[in-house]
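Observations on chain architecture
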Amino acid sequence: MKPIGGGDGGGGGWDSTESDPKTPRVLTALSQVLERLIARNDDLLEEWIGGDDALHGFRGAKAPGISVAKYLERMHRFTSCSPSCFVVAFAYVDRLVHLHPGSRVVSTNVHRLIVTGVLIASKVLDDLHDSNQFFARVGGVTKREMNRMELEMLFLLDFKVSLSPSVFKTYCEHLEKELRLAEVDWKSIIIGRFMIRLMMSAAVAAVETSRLSPTMRLLCLRLARLGDLPFCV
């Protein structure tokens, strides 16, 4: 295992270039949901600071130097957790913000919430699970921090860490829906750009074959070039 940073929240020593080509789709969906959530909450951070933050114990001095996607990949790569553990960990985080409305998932606490949630979920779901010390090393925190955060999350959840099959299915469907929407969005962007280029090409062809005045022709061609098309006036 490659060395990782300590528990100062600064992300020192992270190897953010590593990637696992066999990452389960659920991790991709989860990273998209969490990254969108923290992007929105970070924008509101100044208004929120000073409020009733039940998740204060999970906040670092600054955001770690590793993305949520890479962090999830790392945990999947080095721990023995089943993919279901990540779904249940997401459910824990969702429960926390609903049980404690004054709290927010932001870039400075999301990594600690993830590693703590996955640790607890692995103990609930998996017959064999890694130790707290091992999770601490993979997650980039100290063993003492890991033990403290586990206990704190359990109390914040009121020790209600079991999910019924129907609730688990609901979270799986939510993540799958988010993944499909993201795929559709990218396809729409690609198709949209292609159609714009196609229409601009047709417009330029029409201009070049029309009897417009030289001034109007020059104006239309310059406008076409704003669409980043390879035309010369």
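Residues numbered from 1 in each chain as written. Predicted model: local features only at pLDDT ≥ 70, side-chain atom pairs only at ≥ 80, totals over all residues. Heavy atoms only, no water.

Named according to an unreviewed UniProt entry, the protein is Cyclin-U1-1 originating from Acorus calamus. Per its UniProt entry, the protein bears the Sequence similarities (unreviewed entry) comment "Belongs to the cyclin family. Cyclin U/P subfamily." (UniProt positions renumbered as here; feature names shortened; annotations may be inferred.)

**Observations regarding unusual backbone geometry**
When glycine is set aside, most residues are seen to have a negative phi, and most peptide bonds are trans. With a phi close to 60 degrees, Asp158 is a non-glycine residue in the positive phi region. Take Asp158: it is sitting in the loop between helix 7 (143–156) and helix 8 (165–209). With phi around 60 degrees, Phe159 is a residue other than glycine that occupies positive phi space. The residue Phe159 is located in the loop between helix 7 and helix 8 in this model. For Phe159, a relative accessible area of 44% gives the class partly exposed. (Helix = DSSP H or I, 4+ residues; strand = E, 2+ residues; numbered from the N terminus. Buried < 20%, exposed > 50% of the residue type's maximum accessible area, 1.4 Å probe, protein only.)

**Focus: the nonpolar core**
Counting 49 residues, the largest nonpolar core has Met75, Ile114 and Val118 as the members making the most contacts within it. The set of elements that each furnish at least two residues to this core consists of helix 1 (25–43), helix 3 (68–78), helix 4 (83–99), helix 5 (110–125), helix 6 (132–139), helix 7 and helix 8. Not counting the four nearest positions on each side in its chain, Met75 is found in contact with Phe86, Ile114, Val115, Val118, Phe135 and Val138. (Core = buried A, V, L, I, M, F, W, Y, C linked by side-chain atoms within 4.5 Å. Contact = heavy atoms within 4.5 Å.)

**Brief notes about the environment of Ala121**
Position of Ala121 relative to the elements: it lies in helix 5. Through-space distance from the C-alpha of Ala121 to that of Val87 is 8.8 Å; in sequence the pair is 34 residues apart. Residues within four places of Ala121 in sequence aside, it is in contact with Cys85, Val88, Ala89, Tyr92 and Asp126.

**With respect to the packing of helix 5 against helix 7**
Contact geometry for helix 5 and helix 7: axes closest at 10 Å, N-to-C directions at 75 degrees. Overall, the two elements helix 5 and helix 7 adopt an arrangement that is roughly perpendicular. Where helix 5 abuts helix 7, its residues Arg112, Leu113, Val115, Thr116, Gly117, Leu119, Ile120 and Lys123 lie against Glu145, Met146, Met149, Glu150, Met153 and Leu154. By residue class, the composition of the contact of helix 5 with helix 7 is eight nonpolar, two polar and four charged. (Axes fitted to C-alpha atoms, helices over the stretch in contact; angles between N-to-C directions. Parallel < 35°, antiparallel > 145°, perpendicular 65-115°, else oblique. Nonpolar A, V, L, I, M, F, W, Y, C, P; charged D, E, K, R; others polar.)

**A closer look at the side chain of Asn109**
Within the secondary structure, Asn109 is located in the loop between helix 4 and helix 5. What Asn109 contacts, discounting residues up to four positions off in sequence, is Leu55, Phe58, Arg59 and Arg104.

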